[in-house]
Amino acid sequence: MVEIELDGQKVEVLEGSMVMHAADKAGTYIPHFCYHKKLSIAANCRMCLVDVEKAPKPMPACATPVTQGMIVRTKSDKAIKAQQSVMEFLLINHPLDCPICDQGGECQLQDLAVGYGGSASRYQEEKRVVFHKDVGPLISMEEMSRCIHCTRCVRFGQEVAGIMELGMIHRGEHSEITTVVGDTVDSELSGNMIDICPVGALTSKPFRYSARTWELSRRKSVSPHDSTGANLIVQVKNHKVMRVVPFENEAVNECWIADRDRFSYEALNSDERLTRPMLKQGGEWKTVDWQTALEYVANGLKQIKTDHGAQSIGVLASPHSTLEELYLAGALTRGLGSENIDHRLRHVEFAAFEGARHLGTPIASLSQLQRVLVVGSNLRKDHPLFAQRIRQAVRKGGSISAINSVAYDWAMPVGRTLLAASSAWAQALADVAAAVAAEKGVAAPAAGQASDTARAIAQSLLGGERKAILLGNAAAHHAQASSLLALAQWIGEQTGATVGYLGEAANTVGAQLVGALPGAGGLNAGQMLGGALKAVLLLNNEPEFDSAAGAAAATALGRADMVVTLSPFKANMAFSDVLLPIAPFTETSGTFVNAEGRIQGFHAVVKPQGEARPAWKVLRVLANLLGLPGFDFESSQEVLARACGAQPAEATHVPADKLSNATRAAIVLSAAASPAPAVASIYQLDGLVRRAASLQLTADARQPAAAQGVTA
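Residues numbered from 1 in each chain as written. Predicted model: local features only at pLDDT ≥ 70, side-chain atom pairs only at ≥ 80, totals over all residues. Heavy atoms only, no water.

Looking at an unreviewed UniProt entry, one finds the protein named NADH-quinone oxidoreductase, with Variovorax terrae as its source organism. Of the comments in the UniProt record for the protein, the one headed Sequence similarities (unreviewed entry) reads "Belongs to the complex I 75 kDa subunit family." (UniProt positions renumbered as here; feature names shortened; annotations may be inferred.)

If you want it as C-alpha cells, here you go:
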C-alpha cells in the first residue's frame with residue numbers, strides 16, 4: 001500500500017494505482033471524460049488535470065501513478081485553471097444544440113460545462129462538421145459533431161466486446177470516430193457504447209426523440225432472457241416502458257447488459273400484444289371476458305379428465321417464466337392428478353437426476369479462470385455477458401478450448417477447437433478423457449483415442465489453477481446429454497476443474513427447483529409435443545419456435561381436444577382454442593434464479609396492458625374454479641414462500657445442497673447419427689426478442705444460428 005495526501009486527506013491505495021483511484025477511494029470527484037473504471041487508461045481528454053506538488057505542470061489524475069508521500073490538490077487554482085482551459089478547448093467545436101440533443105439532462109459535458117465552462121466563447125472561426133453515419137438499427141451516430149474523442153467506444157469494442165468496430169481516423173481537428181471493420185456495428189454488446197458515451201454522439205436509435213430523461217421514472221428489474229440474470233433499470237413514462245439500461249452489480253453483470261436485454265422492451269409495446277382473453281369459436285377468434293374464458297378452460301379440463309383421465313392433461317412451461325408461475329403451474333397440474341409438466345422444451349434426452357443443474361462456479365469467477373473448456377455452445381451469442389467475462393480471463397493470460405460442430409467467432413483467441421459433428425461430441429470428450437488418463441496414468445472412463453487436438457486440450461486443463469468445464473445449450477439439449485455430463489465430470493475430477501451448465505434461460509435453474517418436471521409416470525416435453533395429450537396448457541411459450549419438435553409440434557398439438565395458451569402475445573393461434581393474456585416481466589412481480597443459483601426478485605414497473613393479468617393470478621383463479629385446495633395466495637411473495645419451503649425469505653442464493661451437477665449415468669458412445677441439438681439463435685430465444693423490431697433488423701437476426709462459423 002502507498003499513502004498519499006489528497007486535498008489534505010491521507011489516503012492509502014495499492015501500489016501501481018493512479019491518482020484517480022485514490023480520489024475514488026477518498027470520495028473526491030475529479031472531472032473526467034475518457035476515464036472509465038472498466039476500460040484501459042487513455043488520458044486523452046485531459047479534463048482530470050490536477051496539481052501534484054513538485055510537478056512542473058498539472059498532471060492527468062487518471063494516468064499519474066501514486067508514489068509514497070505524494071501531495072495532490074484537486075481544487076487549487078492551478079488545477080481549476082487547467083480544467084477550465086481544457087473545457088474551453090472541448091467546447092470550441094462542440095455544437096450548441098443541447099435543447100435538441102437526446103443526451104440533454106444526462107450529459108457529462110453539459111454538467112461539467114456548468115462548473116468549468118466560460119459564459120462566452122473566444123473562438124470566432126467556423127465550427128467543424130462531421131457527417132453522420134448509419135451503423136445499424138440500434139446505435140444512432142447522426143450527430144457526430146458532438147464527439148469529444150474520448151475513445152471510450154473504441155476501447156469498449158477492443159477490450160470488452162472483443163472486436164474493434166469503431167476507431168479514430170485522421171488527426172487534430174479532422175479526427176473522427178467511424179467504423180473500421182464494416183459499415184455497421186454488429187456486436188451483441190454494442191448498446192453499452194451508448195451508456196459510456198459522455199456526450200450525445202452515440203444515442204439509442206429506438207429511443208431517439210421519444211422522451212426526455214427527466215420525464216422518466218426509474219425502476220429496478222431483472223432480465224428475463226438468458227441465464228445471467230442481468231440487473232436492469234427500466235425507465236418508464238406514462239405507464240409505458242421507454243428505455244432499459246444496466247443496473248450495476250459486480251457479481252452478476254458488472255455495468256454491462258447485452259443488446260437483447262436492452263432493446264427487447266420494444267416488444268412490450270408492439271401490436272402483437274394480447275390484451276383481452278380470446279376464444280376460438282367456429283374457426284374464428286372472439287374476444288371474451290375473463291370469467292367466460294376461465295370457466296371455458298375449467299369446464300374443458302374437467303370434461304377431458306372425466307373422459308380420458310388426468311394423464312391426458314399436461315402443461316408445457318417456459319423456463320423464462322418466474323419461479324412463482326412455474327410453481328403454480330406444477331401445483332395445478334398435480335392438483336388435477338397429472339404429472340405431465342415440463343420446462344425442457346428443447347431437450348431430446350430426459351434423464352432423471354437429483355438436484356438442479358447449474359453453472360458450478362460463481363459468475364464473477366469466470367473473469368479469473370485460467371483454463372476453460374466449452375462444450376456445445378456458441379458462447380458469444382448464447383451468453384454474451386458470460387463470454388465477455390471469459391474474454392477478460394483470456395486477456396489476463398487464460399486459455400480457452402472448445403468442442404463444437406462449428407468454429408464460431410467468439411471475439412477472443414481460442415487455444416484449441418475440436419471440431420466434430422454433434423453426434424460425435426461424446427466420442428470427442430472421451431478422446432480428451434483418454435488423453436487426461438494417459439497423462440495421469442489412470443484408466444480412462446470410456447474408449448477414446450487421443451488426437452493431437454484432444455491431447456492439447458487435456459494438457460491445457462491439467463495446467464493452471466482456476467479452471468472450468470462449461471456445457472452449453474447444445475450440450476444440455478443433446479441426445480447424449482447424460483454421457484456428455486458424465487465424461488465432463490470425470491475430466492473435471494481428474495484435472496481439478498469445476499463442471500457446470502451455462503443454462504439456457506433466465507429461470508432454467510429455478511424451474512428445476514420448483515418441480516416444473518414430470519413426476520413418476522409423467523410425460524416429458526418430447527412425449528407431450530408428440531401428441532400424447534388431449535388437453536395442453538402452454539405457459540409463455542410457442543412450441544413451433546421454442547421446442548425441439550419445431551413445426552411438427554404445431555401439427556401434434558392441433559390434434560388435441562383443447563389447447564390453452566397463456567402468453568403476453570397473440571401466439572399459437574393456429575392450434576390454440578383459448579388465448580389468455582398474461583403480463584410480461586415488466587408488468588408482474590416475480591423471481592428468477594440465475595445460472596449460479598442467485599435468487600433475484602423484481603416488481604412490476606408498469607401496470608398490465610389492457611386486461612392482461614400476472615400469470616400467477618391466472619393460474620390461482622383457474623385452480624379455484626377447478627376446486628383445487630391450497631390456492632389461496634394473495635401475493636406473489638406468498639407463492640414464493642410456499643415454493644421455497646423452509647428457506648428464509650431474505651435468502652439470496654439457493655442452498656448448495658439443492659444444486660448438483662453430479663450424475664450416475666453410464667457413458668454411452670453411440671456411433672449412430674442423431675439430429676443436431678435444438679438451440680435458439682441470439683434473437684430467437686423467446687417471444688420478447690422475436691418481437692423486438694430493432695433486434696430483428698440486426699446482422700445477427702439475419703444470419704442462421706450457425707453463422708460466422710466453419711462446420712466440421
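Let us keep going from here.
Chemist: Mind laying out the pairing of strand S18 (residues 371-375), listing which residues take part and the relevant values?
Modeler: Within S18, four of the five residues are buried, leaving the element largely enclosed by the surrounding structure. Pairing of S18 with strand S19 (residues 399-404) involves five bridges; the strand directions are parallel. What sits directly across from Val 375, in S19, is Ile 403. Where S18 and strand S21 (residues 467-471) come together, five bridges link them in parallel fashion. Bridge pairing in S21 links Val 374 to Leu 470. (Buried < 20%, exposed > 50% of the residue type's maximum accessible area, 1.4 Å probe, protein only. Helix = DSSP H or I, 4+ residues; strand = E, 2+ residues; numbered from the N terminus. Pairing = 2+ DSSP bridges.)

Chemist: Just give me the short version of the nonpolar core, but keep the residues and values in it.
Modeler: Judged by nonpolar contacts, the single largest core of 74 residues is most densely connected at Phe 33, Met 47, Ile 139, Phe 156, Leu 166 and Leu 202. Taken together, the elements giving at least two residues each to this core come down to helix H2 (77-92), helix H3 (108-116), strand S7 (139-141), helix H4 (152-161), helix H5 (192-196), strand S12 (231-237), strand S13 (240-246) and helix H21 (687-690). Ranked by the residues each element gives to this core, the list is headed by H4, at five residues. Excluding residues within four positions of it along the chain, Met 47 makes contact with Pro 31, His 32, Phe 33, Gln 83, Val 86, Met 87, Leu 90, Leu 112 and Tyr 116. Val 297, Val 315, Ala 511 and Leu 537 belong to the second-largest nonpolar core, a separate cluster that totals 51 residues. (Core = buried A, V, L, I, M, F, W, Y, C linked by side-chain atoms within 4.5 Å. Contact = heavy atoms within 4.5 Å.)

Chemist: I'd like to hear about the confidence of the model for the protein, residue by residue, with values.
Modeler: For the protein, the mean per-residue pLDDT works out to 93, and 98% of the residues sit at or above 70. Across residues 705-712 the pLDDT falls below 50, and counting only partners more than four positions away or on other chains, this stretch makes 27 contacts in the model. (pLDDT = per-residue confidence, 0-100.)

Chemist: Can you break down the environment of Thr 498 residue by residue, with the values?
Modeler: Mapped onto the secondary structure, Thr 498 falls in strand S22 (residues 498-501). On the basis of relative accessibility, which here comes to 29%, the residue Thr 498 falls in the partly exposed class. For the pair Thr 498 and Ala 468, spaced 30 residues apart in the sequence, the C-alpha separation amounts to 4.6 Å. Among all residues touching Thr 498, those that are not within four sequence positions of it are Gly 360, Thr 361, Lys 467, Ala 468 and Ile 469.

Chemist: Could you give me a rundown of the UniProt feature "domain: 4Fe-4S His(Cys)3-ligated-type" (unreviewed entry) in the protein, with the residues and numbers involved?
Modeler: When the UniProt feature table is mapped onto this chain numbering, "domain: 4Fe-4S His(Cys)3-ligated-type" (unreviewed entry) sits at residues 78-117. Taken end to end, residues 78-117 is 60% helix and 0% strand, and its two terminal C-alpha atoms sit 16 Å from one another.

Chemist: Describe the packing of helix H7 (residues 290-308) against helix H19 (residues 615-625), listing the residues and the values that go with them.
Modeler: Put simply, H7 and H19 touch, their axes get as near as 9 Å, and they point 55 degrees apart. In terms of axis orientation, H7 runs oblique to H19. Here H7 and H19 pass one another in a crossing that is right-handed. Where H7 abuts H19, its residues Trp 290, Leu 294, Glu 295, Val 297, Ala 298 and Lys 302 lie against Val 618, Val 621, Leu 622 and Leu 625. For the contact of H7 with H19, the residue count by class is eight nonpolar, no polar and two charged. (Axes fitted to C-alpha atoms, helices over the stretch in contact; angles between N-to-C directions. Parallel < 35°, antiparallel > 145°, perpendicular 65-115°, else oblique. Left-handed = near helix turned anticlockwise from the far one by under 90°. Nonpolar A, V, L, I, M, F, W, Y, C, P; charged D, E, K, R; others polar.)

Chemist: Would you mind going over the sheet that holds S12 in detail, with residue names and values included?
Modeler: Strand order in this open sheet of three strands is S11-S12-S13, and the pairing throughout is antiparallel. Looking along the sheet, the strands with just one partner apiece sit at the ends: strand S11 (217-222) and S13. If you compare each strand with its neighbour and ignore which way they point, the axes differ by 35 degrees on average. Here six bridges tie S12 to S13, and the two strands are oriented antiparallel to one another. Each bridged residue has a counterpart across the sheet, and for Leu 232 the counterpart in S13 is Pro 246.

Chemist: Talk me through the sheet that holds strand S2 (residues 9-13); I want residue IDs and the actual numbers.
Modeler: The strand order across the open sheet built from five strands is S2-S1-S5-S3-S4, with neighbouring strands paired in mixed fashion. Two strands bound the open sheet, and with one partner strand each, they are S2 and strand S4 (59-60). Inspection of the sheet shows strand S1 (residues 2-6) paired to S2 by five bridges, in the antiparallel sense. Bridging across to S2, Val 2 finds its partner in Val 13.

Chemist: Could you give an account of the packing of aromatic side chains, with specific residues and numbers?
Modeler: Going through the model one piece at a time under the given rule, you end up with three aromatic pairs. Seen from their ring centres, Phe 592 and Phe 602 are 5.0 Å apart, and the 35 degrees between their planes marks the pair as tilted. In this pair, Phe 592 is assigned in strand S26 (residues 590-593) and Phe 602 in strand S27 (residues 599-602), connecting sequence segments ten residues apart. Judged by its relative accessible area of 2%, Phe 592 falls in the buried class. Given a relative accessible area of 4%, Phe 602 falls into the buried group. Against the face of Phe 207 rests Arg 243, its NZ or CZ located 4.4 Å from the ring centre. The cationic tip of Arg 357 hangs over the ring face of Phe 353; the distance from NZ or CZ to the ring centre is 4.3 Å. (Phe/Tyr/Trp six-rings, centres within 6.5 Å; stacked < 30°, edge-to-face > 60°. Lys NZ or Arg CZ within 6 Å of the ring centre and 35° of its normal.)

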